[in-house]
Each structure stands twice: as structure tokens, then as C-alpha cells.
Amino acid sequence: MIISKYLDGLNKSQKEAVESTEGPLLVLAGAGTGKTKVLTSKIAHLISLRKASPSNILAVTFTNKAAREMKYRIGQSLGSMVEGMPWLGTFHSIGAKILRIHAELAGLKSDFTILDTDDQLRLIKQIIKSENIDEKRWPPKLLLGYIDTFKNKGLMPTEITYNQDYQFANRKASELYGLYQNRLSILNSADFGDLLLLSLNLLKRNTDILNKYQNIFLYILVDEYQDTNVAQYLWLRLLSQKNSNIACVGDDDQSIYGWRGAEVDNILRFESDYPGAKIVKLEENYRSTEKILGAASGLISYNKDRLGKTLIANIKDEGEEVHIRSVWDAENEARLVTDEIEAKQSKGAKLEDIAILVRASFQMREFEDRFIMSGIPYRVIGGPRFYERQEIKDAISYIQVVSNSNNDLKLERIINIPRRGIGNSTLQALNKIARSNNISLFLAAKQIIETDEIRGQTKIKLANFINSIELWKDAKSSSHHTDLVKRILDESGYTEMWQNDKSPTASGRLENLKELIGQIDGFDSIDGFLDHVSLVMELESDTSAEKVSLMTLHSAKGLEFENIFLPGWEDGLFPNQRSLDEKGNSGLEEERRLAHVGVTRAKKSLWITYALNRRVYGLWQQSIPSRFIDEIPEEYKDFDAEYINTNNYYQQERQSKYKNFDAGYTKNNNNYQKESQFTREATGTKIPAWKRIKKNNSVTINAEFQEINIKRKTNFIEGQRVFHEKFGYGKIIDINQLKLEIDFEKSGIKTVLESYVKIH
DNA sequence: TCATTACTCCTTTTT
DNA sequence: GGAGTAATGA
């Protein structure tokens with residue numbers, strides 16, 4: 001029987017989730033419990049029972065990768081009988097699709113361009129300038145952040161109340177947001193947030209259209225529901241209102257995108273949002289050993305706001321303890337990890353089964369250095385994306401200008417790259433004409449070269465450039481699109497610019513341009529390619545090669561590896577100080593969920609390390625092990641002597657460091673204290689001298705304190721011989737407030753804070 | 001218009 | 001410490 005094929009491999013709760021097709025359903029799927037399997041089987045089930053044809057199922061994911069994976073797996077379980085699911089994709093791509101169909105209703109044309117962050121920022125800068133707002137006092141980036149937040153919340157400029165508005169240049173955030181939207185409309189462009197916001201608005205305001213989609217989407221499936229923001233939530237609600245067949249899969253313990261507007265509340269509230277909702281918990285974990293799961297469960301149990309589920313190990317193997325190691329600094333950390341990798345390798349482990357997950361991308365550097373040095377092949381996942389590279393963006397901008405020369409933002413980007421003598425003053429003149437006549441820059445340029453407003457050389461150069469664009473536009477219909485791109489890059493002098501560039505990155509950039517042309521060749525037309533570029537930022541890389549993976553914890557969600565290394569578990573770095581400062585306890589909980597995500601990536605072995613010293617903004621700081629290390633139950637971890645002996649000290653340090661914040665924390669969480677007393681007894685061990693040095697510049701200190709510090713003069717004088725715990729003896733060569741530049745006898749010239757230095 | 005210098009912010013995470 | 005940007009001068 002055909003049905004059994006995909007139902008066979010499912011456990012009881014998975015099967016229940018798959019077979020509950022009617023009405024609202026929330027599947028709480030813990031890490032490694034077969035979430036994707038449930039989703040794909042469910043789709044297969046719907047299709048093979050003929051409850052819906054593939055085109056009547058809306059299935060949304062967050063990443064293109066997840067969408068691809070789902071498509072692939074559905075194809076596998078149904079054989080070839082499923083041909084394309086038009087409504088399976090990311091929130092953004094489906095939003096874009098709907099928006100293109102009804103663009104006029106949103107003040108756009110159906111061929112609108114999708115802006116990236118660069119363009120957004122450029123636009124916002126222009127608006128801030130034209131409104132005579134001081135860019136220094138009110139940074140464009142801040143406004144961009146506010147606008148994004150508005151959009152994440154599903155708010156149009158006119159819907160923002162006084163109280164919701166931000167303190168940006170006299171509460172002008174919403175007003176500027178309105179101006180920004182107007183500009184976007186004039187430019188026939190939408191930013192990322194618009195793809196959702198505008199399509200949401202469309203559905204809200206046009207019942208006929210809403211009706212149409214409600215009738216198309218007989219079944220709605222949502223992946224990673226815990227990551228949805230308000231706009232996405234409202235969008236889903238509207239679409240599911242009619243027939244209520246909405247199945248959301250998610251894990252509140254893996255909600256790690258709060259900073260991007262995700263609302264864990266959406267998942268916590270599901271039952272009250274959808275009365276009569278069925279809830280299925282998937283708790284059987286098929287990934288990790290018992291000890292790793294125990295560590296993960298212990299850790300996440302410190303979170304208060306959760307729906308509560310317990311991961312049960314399906315793999316009956318205790319496995320190794322979680323290894324906790326302390327190291328002197330980041331360099332040693334990288335060495336320890338690579339040594340361990342090499343040891344594993346010699347025992348037969350494969351490099352592709354090993355991953356290093358960091359909290360922040362700056363941590364990657366030490367590892368890369370070390371890998372290069374020891375010749376270990378590695379790959380960075382989610383690093384600087386292909387389409388975000390400068391040369392690729394430039395090239396694409398050229399293509400976009402040829403495709404639509406009224407794209408002012410792109411034209412501005414390339415008008416003087418390579419240098420062709422069209423500088424700022426010319427550009428400003430163009431902008432002025434464009435504004436006053438309400439035309440695009442391109443048209444303004446055409447106009448200006450007919451007049452005498454600009455002089456000799458500049459005029460000729462501008463005329464030449466405009467002329468070239470016209471020529472390329474003419475060639476668009478007659479030549480093959482790949483040839484046209486080659487021609488544009490050559491004739492514009494862009495390729496030549498990099499050929500003449502002597503910097504070491506130049507050859508790589510030329511390679512990338514070649515790669516880009518190869519990519520373009522894979523598409524039928526330029527427009528098809530452009531749409532792909534704006535929605536699919538990543539470029540698939542081969543995951544098969546024998547390489548260690550290096551990535552951030554965020555990009556590791558959804559992946560699994562035999563061996564996981566989690567470096568940098570230090571207070572301030574992880575949990576991240578800024579998270580804590582900005583969002584207090586909920587920030588801490590999100591960090592903890594991130595830690596939980598990290599731990600649950602591991603199948604067999606897990607190493608957590610922390611460095612006692614780390615360089616922050618070029619200055620050396622001493623650090624304390626992360627509280628998350630404490631929170632992993634004793635019986636699941638194995639740690640070195642250093643950690644046990646000094647832990648009591650760390651506990652105190654941490655508490656004084658977060659005095660205000662911890663007050664609430666300990667009150668809310670009895671476990672924390674109980675656990676600490678139970679597991680940690682004062683050992684009476686003497687704390688090494690360097691640790692007793694009083695800190696006066698921890699990562700964050702209240703403003704008052706810092707002020708005093710800056711005003712205070714250092715007692716050191718130039719030429720003095722001093723001692724530093726890390727670098728040894730040295731001589732002060734320069735003093736800048738509390739920063740001392742010291743020429744160390746063994747480690748060379750370094751800048752350090754005076755508090756780490758003793759007079760010798 | 002372009003090159004050099006000074007200054008800034010940064011290091012959370014991304015569709 | 002270092003990248004990116006704005007200000008400054010040639």
C-alpha cells in the first residue's frame with residue numbers, strides 16, 4: 001500500500017502529528033526528534049489521500065535551505081508523482097510572489113526590485129539629509145533598525161501611534177518611515193520587510209483577494225514556528241482563518257531570533273490563538289547520546305518561559321561526558337581544538353563530521369589561522385555570502401541598471417566604479433534635478449548633458465557613460481543574456497579595474513566574477529536571475545568534501561555533527577553582554593536557548609572551552625567561565641582541575657558583575673541557587689594572584705563609573721618598567737588615558753589597560 | 001576629483 | 001586592533 005511507505009518509519013507521536021490533518025495543530029518538536037520528517041510526511045499524506053493537490057498546500061519555511069530540503073524529501077517519499085509545489089518556499093519568497101501578482105494595489109509595478117540592506121541604508125541617508133537631520137546625532141542605521149521593527153510588527157507608517165513611535169529626531173521615526181516608503185514606491189522597489197508587510201496589508205484590505213488565497217490554501221504548514229514575527233503571525237492568521245487547517249511545527253527551546261523580531265509568544269500562545277488546537281509533542285531524540293541530552297536538558301531547564309518538554313534518548317548509549325576545558329587565550333583555544341581534531345582524525349574520525357560553533361563571527365579568525373597553519377581543510381558556513389561580496393554587488397548593479405535604468409540606487413552605486421571622473425559634485429547636481437523634476441537619476445543625467453550645467457570633461461564622461469548604458473539596453477533583446485553580461489563588464493571597464501588592481505584579493509574577485517557569469521548562464525533570462533539573487537542570498541557549497549565546518553551557533557540550527565566544539569563559553573561573550581543589557585532576563589533566556597541549540601547539535605562528542613583572557617576591541621580582558629557551564633548538571637560533564645578549584649571565585653565575580661540584573665534572576669529561579677549550593681562547595685583553594693586584580697573595565701559598566709575612569713589620570717609614567725600577567729615585563733612607551741602602550745620584552749608592543757599592569 | 005588622514009564604531013545573530 | 005567612512009587638503 002502506498003500510504004505505508006512514508007508512515008512506516010514514524011513513531012507514535014510522529015504518526016499522530018502526520019495523521020491529524022484537520023484543524024489547527026501545533027507540533028512541539030524538540031531537537032533531533034524528526035521535525036522535517038513529520039512535515040514532509042504530512043505533505044505526502046495530504047497529497048496521496050487526495051485531500052489536496054500540491055498546488056493547494058502552502059508550506060512556509062525560513063530559509064531557502066529548509067525549503068529545498070523539504071522539496072527534495074517530498075519528492076523522495078512520493079516518487080516523481082509530485083511535480084513542483086508552487087507554494088512551498090520561504091515566507092519572503094511567497095510574500096514576493098503574492099505581492100508581484102497584486103503589485104498595483106500596493107503602489108508598485110509587478111516588476112519591482114527587491115532592495116538589500118546597502119540600498120536601504122543609502123536611501124535612508126538621503127532622506128535624513130533632505131530632512132536636514134544631523135546624521136551624527138541620529139545615525140541612519142538606527143532609523144533603519146526602527147523601520148525594520150515597525151515592519152516586523154506589521155505596522156504601516158500611518159498605523160503607528162504616538163506611543164509606539166521612537167525617539168528619533170523628535171519622534172520623527174514614523175514620519176521618516178512614511179517618507180521612506182514613498183521613495184520606495186517611486187523607485188518601484190520593496191525592501192525585505194515589505195515582501196511580508198505589503199502582502200499582509202494587501203490581504204487585510206482586499207477581502208476578495210484574501211478570499212481567493214483562502215480558497216487556494218486548503219492546508220497550511222509552517223516550519224520553525226517559534227521564529228515567526230508579528231507580521232508573519234498575522235499573515236498566517238488571515239490565510240488560515242477560513243478553514244483552520246494550519247499545522248505549525250516548532251520548538252520554543254530553539255527560538256533564537258528574538259533580536260530579529262521573532263516572538264516566542266507566538267508559539268507559547270498557540271492554544272489560545274487557535275481554540276481547539278491539538279498539540280503533539282515530539283520528545284524522542286534520535287540524534288545524541290544520553291549524556292549529551294542530559295546536559296542539554298539540564299541547561300534548558302533553567303529557562304522559565306517554556307512549554308516544557310523532555311528529550312528522551314532513543315539511542316541507548318550513555319556516551320562520553322561533555323568535556324569542559326579552560327585555556328589561557330583564544331590562540332590556545334584554537335590549538336586545543338585542532339589538537340583534539342587531529343587526535344580524532346587519527347582514530348578514524350572524518351573531518352566532515354566535525355564542527356566548531358561560535359557565538360560571534362569574530363571568534364572564527366583564530367580557528368582559521370590555526371587551520372591554515374596545521375593544514376586542516378575547513379569550510380566556513382554562512383560567512384560572507386557570495387552575493388554580498390563587493391564585486392558581485394557591483395556587477396549585479398550594472399545588470400540591474402541595464403535591466404531598469406531608473407533604478408537610482410544601483411546607478412548611484414556604479415556611476416563612478418570604476419573611476420570615470422563622475423564624482424560627488426556631479427552626483428549631487430543630478431540628484432537635485434531628479435528631485436525637483438521628480439524623475440530618475442538616469443533621466444536627469446540625460447537631461448543635464450543637454451544643458452551647460454556641467455563643464456567640459458565631466459560632461460563628456462557622463463555622456464559616454466549614459467550612452468554605454470543605452471547601447472547595452474539596445475543589445476538586451478538581440479544578444480544572449482550571458483554574452484550581454486560579459487560585454488557589460490568588459491566595456492564598462494569593470495573587469496579591467498580588477499585586472500589592474502594589485503591587492504591580493506583582486507584575483508579572487510575576478511574568479512568570483514567568472515563564477516557569477518557561470519551562475520547567470522544557468523538561468524533562462526536576466527530577470528529570472530535577478531529575482532533569484534534578491535531572494536536566495538546563499539550559494540550552495542559542497543557539503544561532501546572532507547572539511548571541518550566552522551560557523552556561528554545561529555547558522556547551525558537544523559544541522560547535526562558527530563563531534564561538536566563550542567568555544568568561547570565566557571560570561572560576556574556567551575551569554576552575550578549586549579543581549580543581557582538590552583533585554584535582561586529574556587535576553588539571557590534566548591542566549592540559553594542558543595546554548596541549548598549548540599549542545600543538541602552533537603551526536604557523540606561535545607567539547608566546551610573557555611579562555612581566561614580574550615581581546616575585546618583590541619584590549620585584553622580577563623574573563624569568567626559562562627554560567628551555562630555551571631548549569632550543565634555535574635554528572636554529565638568532565639572538567640579540568642582549573643575549573644573546579646576556582647569556581648567559587650567565578651561565582652562571586654559573576655554575581656558582582658551583574659548585580660542589578662542577577663537580583664531578579666536569582667529570585668525567579670530557585671534552581672539556580674539550589675544547584676549552585678549543591679554542586680559547588682567552597683574548596684578553600686587559593687585564587688591565583690592575577691585573578692585578584694580588581695577589574696575596572698569589564699565589558700559593561702554603568703556610564704557613571706566609566707566617566708570617573710576616564711577622568712581619572714593614570715599613575716603610570718612613560719618609560720616605567722612594568723609587569724603584565726600575560727605578557728611579562730615591559731616598558732611603557734605611550735599613555736593614552738587608561739590605555740598604556742607597552743613594549744614587552746618577550747611579546748613586543750601591545751596596548752593594555754593600566755589595571756592589568758603592576759609597577760615593577 | 002582624488003588621495004591622504006582622522007575618526008568612528010565595531011563584535012551577535014540574517015531572511 | 002582594524003575596517004569603513006567622513007573630513008581635509010592637493
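Each remark here, short or long, concerns the structure printed above.
Described below are features of the structure shown in this document. Predicted model only: the values in this text are computed from it and were never measured.

As for the protein's contact with DNA strand C
Okay, so step 1: Around DNA strand C, the neighbouring residues are Lys 136, Arg 615, Tyr 617 and Gly 618.
Okay, so step 2: Near-protein atoms of DNA strand C (within 4 Å) split between backbone and bases, with sugar and phosphate holding 38%.

Describing the packing of aromatic side chains
Okay, so step 1: Counted under the stated rule, the structure contains 20 aromatic pairs.
Okay, so step 2: Aromatic side chains Tyr 398 and Trp 472 sit 6.3 Å apart centroid to centroid with 75 degrees between the ring planes, which places their arrangement in the edge-to-face category. Taken together, the residues Tyr 398 in helix α17 (residues 390–403) and Trp 472 in helix α21 (residues 456–478) connect sequence positions 74 residues apart. Of the two residues, Tyr 398 and Trp 472, both sit in the buried class.
Okay, so step 3: Through a chain of ring-to-ring contacts, three or more aromatic side chains come together here, namely Tyr 146, Phe 150, Tyr 166 and Tyr 177.
Okay, so step 4: Over the ring of Tyr 233 we find Arg 269, and its NZ or CZ is 4.8 Å from the ring centre.

Observations concerning the sheet that holds strand β16 (residues 602–611)
Okay, so step 1: Across the sheet, which stays open at both edges, the 7 strands sit in the order β13-β14-β12-β15-β16-β11-β19 with parallel pairing between neighbours. The open sheet terminates on both sides in strands that have one partner only, identified here as β13 (378–380) and β19 (637–639). Averaged over all pairs of adjacent strands, the angle between their axes in this sheet comes to 20 degrees, without regard to strand direction.
Okay, so step 2: As defined by bridge partners, strand β15 (residues 561–566) adjoins β16 across 5 bridges and the pair is classed as parallel.

Re helix α6 (residues 117–130)
Okay, so step 1: End to end, α6 covers 20 Å across 14 residues, agreeing with the expected 20 Å (1.5 Å per residue, within 8%).
Okay, so step 2: Listing the buried residues of α6 in full gives Asp 119, Gln 120, Leu 121, Leu 123, Ile 124, Gln 126, Ile 127 and Ile 128.
Okay, so step 3: In this structure, the buried side of α6 is in contact with α7 (140–152), α8 (173–186), α18 (408–414) and α19 (424–437).
Okay, so step 4: For α6, the N-terminal cap is Asp 116; the gap from its side-chain oxygen to the backbone nitrogen of Asp 119 is 3.0 Å.
Okay, so step 5: With its phi angle positive at about 55 degrees, Asn 132 sits one or two positions after the end of α6.

Let's talk about the protein's contact with DNA strand B
Okay, so step 1: Residues in contact with DNA strand B amount to 27 residues; listed here are only the nearest, Phe 62, Arg 359, Ser 425, Thr 426 and Arg 578.
Okay, so step 2: In this structure, Trp 259 approaches DNA strand B through a side-chain N or O atom, which is 2.8 Å from a base oxygen.
Okay, so step 3: Measuring from a base oxygen of DNA strand B, one finds a side-chain N or O atom of His 554 at 3.2 Å.
Okay, so step 4: Among the elements of the structure, α19 and α27 (577–600) are those that each provide at least two residues to the surface near DNA strand B.
Okay, so step 5: Its residues placed into classes, the surface near DNA strand B shows 8 nonpolar, 13 polar and 6 charged.

Quick look at the pairing of strand β2 (residues 57–61)
Okay, so step 1: Among the 5 residues in β2, 5 count as buried, and that is most of the element.
Okay, so step 2: Burial of β2 is two-sided: the residues Ile 57, Ala 59 and Thr 61 facing one way and the residues Leu 58 and Val 60 facing the other way are all buried.
Okay, so step 3: With 4 bridges joining them, β2 and strand β6 (residues 219–222) adopt parallel strand pairing. The residue bridging Leu 58 from the neighbouring strand is Ile 220, located in β6.

Remarks on the pattern of salt bridges
Okay, so step 1: Within the structure shown, the criterion is met by 40 salt bridges.
Okay, so step 2: Two residues, Glu 318 and Lys 291, come together in a salt bridge whose shortest N-O distance is 3.8 Å. A residue pair is termed long-range when its members are at least 10 positions apart, and Glu 318 in the loop between β10 (312–313) and β11 (322–327) and Lys 291 in helix α14 (residues 290–300) qualify at 27 residues.
Okay, so step 3: Residues Glu 511 and Lys 514 are paired through a salt bridge, measuring 3.9 Å at the closest nitrogen-oxygen approach. In this pair, Glu 511 and Lys 514 are both assigned in helix α24 (residues 506–521), 3 residues apart and thus about one turn of the helix distant.
Okay, so step 4: On the basis of relative accessibility, which here comes to 48%, the residue Glu 511 falls in the partly exposed class.
Okay, so step 5: A single network of salt bridges, built from pairs that share partners, joins Lys 35, Asp 223, Glu 224, Asp 227 and Lys 557.

Here's the deal with unusual backbone geometry
If a residue is not glycine, its phi is most likely negative; likewise, a peptide bond is most likely trans.
Okay, so step 1: The peptide bond linking Phe 574 to Pro 575 adopts the cis configuration, its omega dihedral lying at 5 degrees.
Okay, so step 2: Of note, Asn 188 is a non-glycine position whose phi angle comes to about 50 degrees, a positive value.
Okay, so step 3: For Asn 188, the location among the structural elements is in the loop between α8 and β5 (189–190).
Okay, so step 4: A relative accessible area of 8% means that Asn 188 is categorised as buried.
Okay, so step 5: We note that Glu 224 has phi near 50 degrees; this positive angle belongs to a residue other than glycine.
Okay, so step 6: One can find Glu 224 in the loop between β6 and α11 (230–240).

About the thresholds
Residues numbered from 1 in each chain as written. Chains lettered and ligands numbered in written order. Predicted model: local features only at pLDDT ≥ 70, side-chain atom pairs only at ≥ 80, totals over all residues. Heavy atoms only, no water. Near = heavy atom within 4 Å. Phe/Tyr/Trp six-rings, centres within 6.5 Å; stacked < 30°, edge-to-face > 60°. Helix = DSSP H or I, 4+ residues; strand = E, 2+ residues; numbered from the N terminus. Buried < 20%, exposed > 50% of the residue type's maximum accessible area, 1.4 Å probe, protein only. Lys NZ or Arg CZ within 6 Å of the ring centre and 35° of its normal. Pairing = 2+ DSSP bridges. Axes fitted to C-alpha atoms, helices over the stretch in contact; angles between N-to-C directions. Expected span 1.5 Å × (residues − 1). Contact = heavy atoms within 4.5 Å. Polar contact = N/O pair within 3.5 Å; in protein donor to acceptor, adjacent residues only side chain to side chain. Nonpolar A, V, L, I, M, F, W, Y, C, P; charged D, E, K, R; others polar. Salt bridge = Lys/Arg side-chain N within 4 Å of Asp/Glu carboxyl O.

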